[in-house]
Amino acid sequence: MKRIPSKTTSSILIRSMIVFAVQIAGAAFLLSPQPTRANSVPLYSFNDSDGANPEAWLVQGSDGNFYGTTYRGGASNFGTVFKITSSGSLTTLYNFSGSDGANPFAGLVQGSDGNFYGTTVDGGPSGVGTVFKITSGGSLTTLYNFSGSDGEFPYGGLVQGSDGNFYGTTLRGGASNFGTVFKITPSGSLTSLYSFSYSDGAFPYAGLVQGSDGSFYGTTSQGGASGYGTVLKITAGGSLTTLYSFSFSDGASPYDALVQSSDGNFYGTTNTGGANNGGTAFKITSVGSLATLYSFGFTDGSNPWAGLVQASDGNFYGTTVGGGTGSAGTVFKITSGGSLTMLFSFSGSDGANPFAGLVQGNDGNFYGTTVAGGAYTQGTVFKITVMAGPTNKDQCKNGGWQTFTSPRTFKNQGDCIQFVNTGK
């Protein structure tokens, strides 16, 4: 059955459905534990008064701090904007009150002017979302209030184009109420570029990424030839091309933005579908040739909401909402050829259900958020350090065990193979 998103409750309902589904799936698919390949440090646990349920990616500002949003919590329970250091010192920069926006689902982007730009799903005069600007000191300006005909409920974040304008999507609204693509200037002048009609895609949760060719690329969660979502290309002038329509066996319901790799291709995830109905990781060319790189099951993670980030080592890193040894989501690494390594499995006390993707900090570590778990069950900010070491038994053979010094030295070949099997 196709899902018709409606207002803010869609996020809460979808989130609850996904978390419940992956917990049920765990009873059938949870097998032997997989080794942990990374150390996770919970930097901060939200307690509702300072924010709750962060759904969004973090962005590292030019000052070295990380900036993000929480969907709920804060002074009026409409969400917050926060700043956090790499060591976990958090400052609440802004509390939304409803009239100035409510429930920011997406993360922030730092503009060329040094300010941060973002969206709220709800709030504003019409209650259907806003675009805002905020300084690093917490001074917020509402740039635009959506009214419905120009779009409703902007779940996706913004991207600043090479022309200096910002581009984004709305989940609903527009000519056919299937969502829109828009352009907005830094001063708040908005132009609706495209209204979806379902056959060309519908209900874009994801934001856009500007490709090296100058066009913008994105996804829709539904619509297209089979109703399971699409990959799209759109020019700055609003000319849209549907590059690919998912058919479920190759993935379904892509919810987050794409990333363009150094190889020129785009990489992303789908939340469901694939060989095990646990979602997929995929690669697609700029002309629409798609390859499914990996189908998630459960022990390796399930139902990725977030997209991927290409790290300095050339590999891609991401998160899954559910699955893993703790049934509360995972962090994983995947190569451009589709070889996946589960790096970390959340257990609840250290965070649960990461809907957001990762950002690699200047220190080489990865930073992210979980929507639940932590000391107060309201979500966390965490840091992931990937451990160097053997990832397969062959690397331990023929004296290979002697070449590793991190995360520890090995006594012999057998000790090395034990690490491959257990992560210890």
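Here is a short report on the structure shown in this document. (Residues numbered from 1 in each chain as written. Predicted model: local features only at pLDDT ≥ 70, side-chain atom pairs only at ≥ 80, totals over all residues. Heavy atoms only, no water.)

### Points about the sheet that holds strand β19 (residues 266–270)
A sheet is described by the order of its strands in space; here four strands give the open sequence β18-β19-β20-β21, paired in antiparallel fashion. Taken across any chain shown, the strands that pair with only one partner, and hence form the sheet edges, are β18 (259–260) and β21 (290–295). (Pairing = 2+ DSSP bridges. Helix = DSSP H or I, 4+ residues; strand = E, 2+ residues; numbered from the N terminus.)

### Observations regarding the pairing of strand β17 (residues 240–245)
Judged from the five bridges that link them, strand β16 (residues 230–234) and β17 form a sheet pairing that is antiparallel. Within the sheet, the bridge partner assigned to T230 lies in β17 and is S245. Following β16, the chain reverses through five residues before pairing antiparallel with β17; G238 in that reversal takes a positive phi of roughly 100°.

### Looking at the packing of aromatic side chains
Following the criterion strictly, the structure yields 32 aromatic pairs and no others. Ring pairs connect the aromatic residues Y71, F105, Y155, Y205, Y255, W305 and F355, which therefore count as one cluster. (Phe/Tyr/Trp six-rings, centres within 6.5 Å; stacked < 30°, edge-to-face > 60°.)

### Things to note about the pattern of salt bridges
Taken as a whole, this structure holds two salt bridges when the rule is applied. Here R72 makes a salt bridge to D48, at a shortest N to O gap of 3.7 Å. Of this pair, R72 sits in the loop between β3 (66–70) and β4 (80–84) while D48 is found in the loop between β1 (38–45) and β2 (59–60), placing the two residues 24 residues apart along the sequence. For K397, the salt bridge identified is with D394, shortest N-O distance 3.5 Å. With a relative accessible area of 56%, D394 lands in the exposed category. (Salt bridge = Lys/Arg side-chain N within 4 Å of Asp/Glu carboxyl O. Buried < 20%, exposed > 50% of the residue type's maximum accessible area, 1.4 Å probe, protein only.)

### Some remarks on the environment of K283
Note that K283 resides in strand β20 (residues 280–284). Its relative accessible area of 25% is what places K283 among the partly exposed residues. Each C-alpha atom, one on K283 and one on L258, is 9.4 Å from the other, the two residues being 25 residues apart in sequence. Look past the residues within four positions of K283 in its chain and what remains in contact with it is N265, F266, Y267, S289, L290, A291, L293 and S336. (Contact = heavy atoms within 4.5 Å.)

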